[in-house]
Amino acid sequence: LRESVKGLVPNKNRLMPKKPFSVPIETVFKTDLRELTFNTLNNAGLFNNWINKDFVEEVFRKHKEKNAYSRQIWALLTFGLWYDIFINENKKIIM
């Protein structure tokens, strides 16, 4: 790939070592994905039988204070989506 852009991209950029790409998930869960996570868990019916809604609210509250729970929130969101698609067979989610 580096050779394919030789002459198009300056050497200082082309020859730089790889760097990881990170998503500011801590910030996103405080804003945009907070509502999506709650709606996903609620619409999938997970608050009824599987997940304690008060616990999820507490996790979000603590995350807002400390930025320390993004992995747990990500796990809740992906579990909720998986459950709704494959257990509830909600085909509306699949694009």
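Structure first, text after, so check above.
Residues numbered from 1 in each chain as written. Predicted model: local features only at pLDDT ≥ 70, side-chain atom pairs only at ≥ 80, totals over all residues. Heavy atoms only, no water.

Colleague: Which parts of the structure should I look at to understand the packing of aromatic side chains?
Modeller: By convention here, two paired aromatic rings are described through the distance between centres and the angle between planes. Using the criterion set out here, one finds 7 aromatic pairs in the structure. Ring centres of Trp50 and Phe79 lie 6.4 Å apart, and the angle between their planes is 65°; on these two criteria the pair is classed as edge-to-face. Here Phe79 lies in helix α6 (residues 70–87) and Trp50 lies in the loop between α4 (46–49) and α5 (53–66), a separation of 29 residues in the sequence. The partly exposed category is assigned to Phe79, whose relative accessible area is 28%. Seen from their ring centres, Trp82 and Phe86 are 6.4 Å apart, and the 40° between their planes marks the pair as tilted. (Phe/Tyr/Trp six-rings, centres within 6.5 Å; stacked < 30°, edge-to-face > 60°. Helix = DSSP H or I, 4+ residues; strand = E, 2+ residues; numbered from the N terminus. Buried < 20%, exposed > 50% of the residue type's maximum accessible area, 1.4 Å probe, protein only.)

Colleague: For this particular structure, what's the right way to read unusual backbone geometry?
Modeller: Excluding glycine, residues mostly have negative phi values, and the peptide bonds linking residues are mostly trans. Notably, Glu89 is not glycine yet its phi reads approximately 55°, a positive angle. Under the relative-accessibility criterion, Glu89 is labelled exposed at 55%.

Colleague: Can you walk me through a nonpolar patch on the surface in this structure?
Modeller: A grouping of Trp82, Phe86 and Ile87 is seen on the molecular surface, where their side chains present a nonpolar patch of about 340 Å² in accessible area. Relative to the assigned elements, Trp82 resides in helix α6. Trp82 sits in the partly exposed class, given a relative accessible area of 41%. (Patch = residues over 30% accessible without salt bridge, like charges linked within 9 Å, V, L, I, M, F, W, Y side chains within 5 Å. Areas by Shrake-Rupley, 256 points an atom, 1.4 Å probe, with all protein chains shown as cover. Salt bridge = Lys/Arg side-chain N within 4 Å of Asp/Glu carboxyl O.)

Colleague: Would you take a moment to explain the side chain of His63 for this structure?
Modeller: Tracing the chain through its elements places His63 in helix α5. The class for His63 is buried, based on a relative accessible area of 0%. Looking at His63, its side chain comes within polar contact range of the main-chain nitrogen of Tyr69, at 3.3 Å. Filtering out sequence-adjacent residues up to four positions away, His63 remains in contact with Glu26, Phe29, Lys30, Ala68, Tyr69, Ser70 and Ile73. (Polar contact = N/O pair within 3.5 Å; in protein donor to acceptor, adjacent residues only side chain to side chain. Contact = heavy atoms within 4.5 Å.)

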